[in-house]
Amino acid sequence: MHDLNKNSPFIMLITTLIAGLIGCLILLAWRRSRSQKPAKDAATTMPWIDKLVPEEYPDEDDDHDGKQKVNVFFGSQSGTAEGFAKAFAEEANARYEKATFKVVDLEEYAAEDDEYEEKFKKDTLAIFFLATYVFGLGNTQYEHFNKVAKVVDEILADQGAKRIAPLGLGDDDKSIEDDFTAWRELVWPELDKLLRIEDDNAVSNMPYTAAILGYRVILHDQPTGESLQDKSWINANSIHAAAIDAQHPCRANVAVRRELHTPASDRSCTHLEFDISGTGLKYETRDHVGVYCENLKETVEVAEKLMGLSPDTYFSIHTDTEDGQLINGGSLLAPPFPPCTVRTALTRYADLLNFPKKSALLALAAHASEPSEADRLRYLASPAGKDEYAQWMVAGQRSLLEVMAEFPSAKPPLGVFFASVAPRLQPRYYSISSSPKVATTRIHVSCALVYEKTPTGRIHKGVPSTWMKTAAPLEENLDCSWAPIFVRQSNFRLPTDTSVPIIMIGPGTGLAPFRGFLQERYALKEDGAELGPSILFFGCRNRNMDFIYEDELKNFVKSGALSELVVAFSSEGLTKEYVQQKMMERASDIWNLLSQGAYIYVCGDAKGMARDVHRTLHAIAQEQGSLNSSQAESMVKNLQMTGRYLRDVW
């Protein structure tokens, strides 16, 4: 038997590396002796757990009618992992009469790290659906594909967990739904051995068909004056700052917007400032800001026509019946949004431009009046249609609206559309490009415009980047643009000792967090702090087009907040220059700074730049430190493990 008290790194891992693309599917069981005594500090922590654990996740000892409790844990940013966890639990509860499968958000399982440790020791069977944004896991295009999943799996096994089904690795670059389905079919036989009632093959052998979910919809007369949604935002900024999160964002006006590229550039990058005065919202240098943006009017109008609904139809959605009972599958549904018009719902809550999941195709098929269209949709969602789905849908980058236009007879009702067809529009996260030491009441964002042609010829306009580029700032219009926002903490921070050297690498908008770093260092220097050496490697195409924040960076050098600025221009001269090449030119300086205890930070593209920078660090260690490949790898890994090599990549 293994004691989980040794496992504080694991506890920290799963509580801090949670969000983003679906990362892994893990099923493990750990056994504990019934005679095992709790840790000495358990008596001091257990009495107040009941008060700290949210009501929707009661203490483990709650009565489950004599059934075995199985926690299905998820950690999710975009909702993908949560969706899989809920779907798995729903089917498992239908299959096994002697067990209760309960979906639990890892972030809300306990209040403190040591409580996670104590609570985990009470679980005998657990399932983990993990995802992370830290290294962009869950996509084979990334360097550390599903690394968190693999690490958690290894640590649990080391601590005595018994793996009763193989580790599943979802690949968002292909069809993560197919990966989930294949993994799930491997799990059922193993769970049958543990949880199936003897001689009862009926339930486990019965094919399970997930219900097509739908909210209960009530149509209302159009209200006069302000809608309930608008009224709720009037009072939103009176909530306590501690309560502001992804589920409870605050309204922030756009105070400033300006273009960062010159007119000579064929691309665009927006500098945006949110006014957070009076909101109670606070942030630290290098936190992330989550922004809920709206779909473009032109996108919404297309959706309205495809659905055949009046944009002014005012309605509300509900997860309960008229007598207050939870509707079938209601636990799988996202919380209802406030009553509003169809146009408002499509603008604020529906993800219309990503390609639809297979479950959405089945929902469309169920409401297609043309049999041939229904058959085609079901085929694309079936195992037999896997390759065609991958080619036609994923490789073709077809949006939900394109699919609906391809199958015009599919007219799902409002409740089904918002429950099973269009995913909820998720917040986009940005590295805050300011420091509260300089911009106390403002949150700055630096956002590159997404504007590209898809394989089908459609021009894809990124929802948040387009919204930011066209936002009306308060300095130009009293009726300014605004968005619901919140702050998410990050561990991508400056050393607490200001004299420690730092090396920053961030081409393009990867510069954003380092602008915040330099604002903070400038403020610290003004207050008399001793600053260690600092070097910034920045990259862009051409100094006359996209050298963003050029004047500010040069002023940081003049003020001493930045020791040296090294810029790589990829589209000047006969040869292309990138930040990793500039790093090799300064290999000796980088090695000397690392030898002095420097921290190294990388921000930007994970698929290309970050991978090349990582390899360049290995090369520098080998060249300057006279290390062989294995020694260089160990050195770089040690920098990561000790928190001196931090990356924020996407």
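Calculation criteria
- Residues numbered from 1 in each chain as written.
- Predicted model: local features only at pLDDT ≥ 70, side-chain atom pairs only at ≥ 80, totals over all residues.
- Heavy atoms only, no water.
- Helix = DSSP H or I, 4+ residues; strand = E, 2+ residues; numbered from the N terminus.
- Contact = heavy atoms within 4.5 Å.
- Areas by Shrake-Rupley, 256 points an atom, 1.4 Å probe, with all protein chains shown as cover.
- Buried < 20%, exposed > 50% of the residue type's maximum accessible area, 1.4 Å probe, protein only.
- Arc of directions from axis to C-beta.
- Axes fitted to C-alpha atoms, helices over the stretch in contact; angles between N-to-C directions.
- Parallel < 35°, antiparallel > 145°, perpendicular 65-115°, else oblique.
- Left-handed = near helix turned anticlockwise from the far one by under 90°.
- Nonpolar A, V, L, I, M, F, W, Y, C, P; charged D, E, K, R; others polar.
- Phe/Tyr/Trp six-rings, centres within 6.5 Å; stacked < 30°, edge-to-face > 60°.
- Lys NZ or Arg CZ within 6 Å of the ring centre and 35° of its normal.
- Core = buried A, V, L, I, M, F, W, Y, C linked by side-chain atoms within 4.5 Å.
- Pairing = 2+ DSSP bridges.
- Salt bridge = Lys/Arg side-chain N within 4 Å of Asp/Glu carboxyl O.

Focus: the overall build of the chain
- Of regular secondary structure, the chain possesses 23 helices and 21 strands.
- Relative to all contacts within the chain whose residues are 6 or more apart in sequence, the contacts with residues 24 or more apart total 79%.
- For the chain, the exposed surface amounts to about 30000 Å²; the carbon and sulfur share of it is 49%.

Observations regarding helix α10 (residues 297-307)
- Considered for burial, the residues of α10 that qualify are Thr299, Val300, Ala303, Glu304, Leu306 and Met307. Projected down its long axis, α10 shows its buried positions confined to an angular sector of 165°, all on one face. Exposed side of α10, more than 90 degrees from the buried face: Lys297 and Lys305 are the residues found there.
- For α10, the elements touching its buried residues are α11 (342-348), α15 (400-406) and α16 (414-421).
- Just beyond α10, the residue with positive phi is Gly308, at close to 70°.

Structural notes on the packing of helix α12 (residues 358-366) against helix α13 (residues 371-381)
- At their nearest, the axes of α12 and α13 sit 8 Å apart, and the two run at 160° to each other. It follows that α12 is roughly antiparallel to α13 by the angle criterion. Like other packed secondary-structure pairs, α12 and α13 cross with a definite hand, here left-handed. Each of Lys358, Leu361, Leu362, Leu364, Ala365 and Ala366 in α12 lies in contact with α13, whose residues at this interface are Ala374, Leu377, Arg378, Leu380 and Ala381.
- In terms of residue class, the contact of α12 with α13 is built from nine nonpolar, no polar and two charged.

Points about the packing of aromatic side chains
- A complete count under the given rule lists 29 aromatic pairs for this structure.
- With centroids separated by 4.9 Å and ring planes inclined at 10°, the aromatic side chains of Phe88 and Trp188 adopt a geometry described as stacked. Of this pair, Phe88 sits in helix α4 (residues 80-95) while Trp188 sits in helix α7 (residues 176-195), placing them 100 residues apart in sequence.
- With centroids separated by 5.1 Å and ring planes inclined at 90°, the aromatic side chains of Phe417 and Phe418 adopt a geometry described as edge-to-face. Taken as a pair, Phe417 and Phe418 share a single burial class, namely buried.
- One aromatic cluster is present, built from ring pairs that chain together Phe84, Phe88, Tyr96, Phe101, Phe129, Phe180, Trp183 and Trp188.
- For Lys119, the ring lying beneath its charged end belongs to Tyr109, and the centroid distance is 5.0 Å.
- A cation over an aromatic ring shows up here: Arg488 above the ring of Tyr429, its NZ or CZ 3.7 Å from the ring centre.

Regarding the nonpolar core
- Formed by 43 residues in total, the largest nonpolar core has its most connected members in Leu346, Phe417 and Phe418.
- Elements that contribute at least two residues to this core include exactly α10, β10 (314-318), α11, α12, α13, α14 (386-395), α15 and α16.
- Contact partners of Phe417, with chain neighbours within four places excluded, come to Met307, Leu346, Ala350, Leu352, Leu400, Met404, Pro412 and Ala422.
- With 28 residues, the next largest nonpolar core counts Leu272, Cys293, Ile432 and Val463 among its residues.

Looking at the pairing of strand β19 (residues 564-569)
- With six bridges connecting them, strand β18 (residues 534-540) and β19 associate as parallel partners. For Phe538, the partnering residue across the bridge sits in β19 and is Val567.

Some words on the sheet that holds β18
- Spatial strand order, β19-β18-β17-β20-β21: five strands in an open sheet with parallel pairing. The sheet terminates laterally at β19 and β21 (645-649), the two strands that pair on one side only. The average angle at which neighbouring strand axes cross in this sheet is 10°, direction not considered.

Some remarks on the pattern of salt bridges
- Under the counting rule described, the total for this entry stands at 28 salt bridges.
- Here Asp589 and Arg586 are joined by a salt bridge, their closest N and O atoms 2.7 Å apart.
- One network of salt bridges, with partners in common, ties together Glu91, Arg184 and Glu185.

Comments concerning unusual backbone geometry
- In this structure, Tyr549 takes a positive phi of about 55° despite not being glycine.
- On the secondary structure map, Tyr549 appears in the loop between β18 and α19 (550-559).
- The class of Tyr549 is buried, set by a relative accessible area of 7%.
- Residue Ser626 is not a glycine yet carries a positive backbone phi of 55°.
- Note on placement: Ser626 falls in the loop between α22 (606-625) and α23 (629-641).
- For Ser626, a relative accessible area of 63% gives the class exposed.

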